[in-house]
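# Structure at a glance
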Amino acid sequence: MTDHFEFELVFEIPEDKHDSSDLANAVFETGLFDPLVGTGAPGILAVVLQAEDDDAKTAILNAAQALRKTLPEDTKLLEI
């Protein structure tokens, strides 16, 4: 049975990669469902997501992995 989850992933972005338009485009390139992107704090990217999966852990891991593929190298996941 699939469940619906909503969660936020917060990333630390490398110092020279803070262009908010580029970061937002990278998030939307993942194809994740209806992401809400926050780039207001320098060096931080927050993404609120909705996902359907069998469990929360799988939904979060899948989203984090998809985002890491499109975000700048050396981006670090800080918070879930």
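In case you missed it, the structure is sitting above this.
Read on for a plain summary of the structure. Quick caveat: nothing in here was measured; it's all calculated off a predicted structure.

In this structure, Gly-38 sits in strand S2 (residues 36-38). Taking the C-alpha atoms as reference points, Gly-38 and Asp-19, separated by 19 residues in sequence, lie 12 Å from one another. Those residues within four positions of Gly-38 in sequence are excluded, and the remaining contacts are Ile-44, Leu-45 and Ala-46.

Where strands meet in a sheet, backbone hydrogen bonds hold them as pairs that are either parallel or antiparallel. If you trace the four strands from one edge of the open sheet to the other, you get S2-S3-S1-S4, paired in antiparallel fashion. Single-partner strands in this sheet number two, and they are S2 and strand S4 (76-79). Each strand of the sheet is rotated relative to its neighbour by a mean of 35°, with strand direction disregarded. Strand direction decides the pairing type here: strand S1 (residues 3-12) and S4, joined by three bridges, are antiparallel. The partner of Glu-12 across the bridge, within S4, is Lys-76.

Looking now at the environment of Gln-50. Tracing the chain through its elements places Gln-50 in strand S3 (residues 44-53). Judged by relative accessible area, Gln-50 falls into the partly exposed class, the value being 25%. Once the C-alpha coordinates of Gln-50 and Leu-32 are considered, the two residues, 18 residues apart in sequence, prove to be 8.1 Å apart. The contact partners of Gln-50, leaving out residues within four places of it in the chain, are His-4, Phe-5, Glu-6, Phe-33 and Asp-34. Polar contacts involving the side chain of Gln-50 include one to the side chain of His-4, which spans 3.4 Å.

Let us now look at unusual backbone geometry. The backbone of Asp-34 sits at a positive phi, close to 45°, despite the residue not being glycine. Mapped onto the fold, Asp-34 is located in the loop between helix H1 (20-29) and S2. The exposure class of Asp-34 is exposed, given its relative accessible area of 52%.

Another point: the nonpolar core. One finds Phe-7, Leu-9, Phe-11, Leu-45, Leu-49, Leu-67 and Leu-71 to be the most contacted residues of the largest nonpolar core, which totals 18 residues. Among the elements that take part in this core, helix H2 (residues 56-70) stands out by supplying five residues, more than any other. When sequence neighbours within four positions are dropped, the list of residues in contact with Phe-7 reads Val-47, Val-48, Leu-49, Ala-51, Ala-59, Ile-60 and Ala-63.

Here Thr-30 is to be found in the loop between H1 and S2. Reaching out from Thr-30, the side chain makes a polar contact with the backbone oxygen of Val-27 at a distance of 2.6 Å.

Analysis parameters
- Residues numbered from 1 in each chain as written.
- Predicted model: local features only at pLDDT ≥ 70, side-chain atom pairs only at ≥ 80, totals over all residues.
- Heavy atoms only, no water.
- Helix = DSSP H or I, 4+ residues; strand = E, 2+ residues; numbered from the N terminus.
- Contact = heavy atoms within 4.5 Å.
- Pairing = 2+ DSSP bridges.
- Axes fitted to C-alpha atoms, helices over the stretch in contact; angles between N-to-C directions.
- Buried < 20%, exposed > 50% of the residue type's maximum accessible area, 1.4 Å probe, protein only.
- Polar contact = N/O pair within 3.5 Å; in protein donor to acceptor, adjacent residues only side chain to side chain.
- Core = buried A, V, L, I, M, F, W, Y, C linked by side-chain atoms within 4.5 Å.

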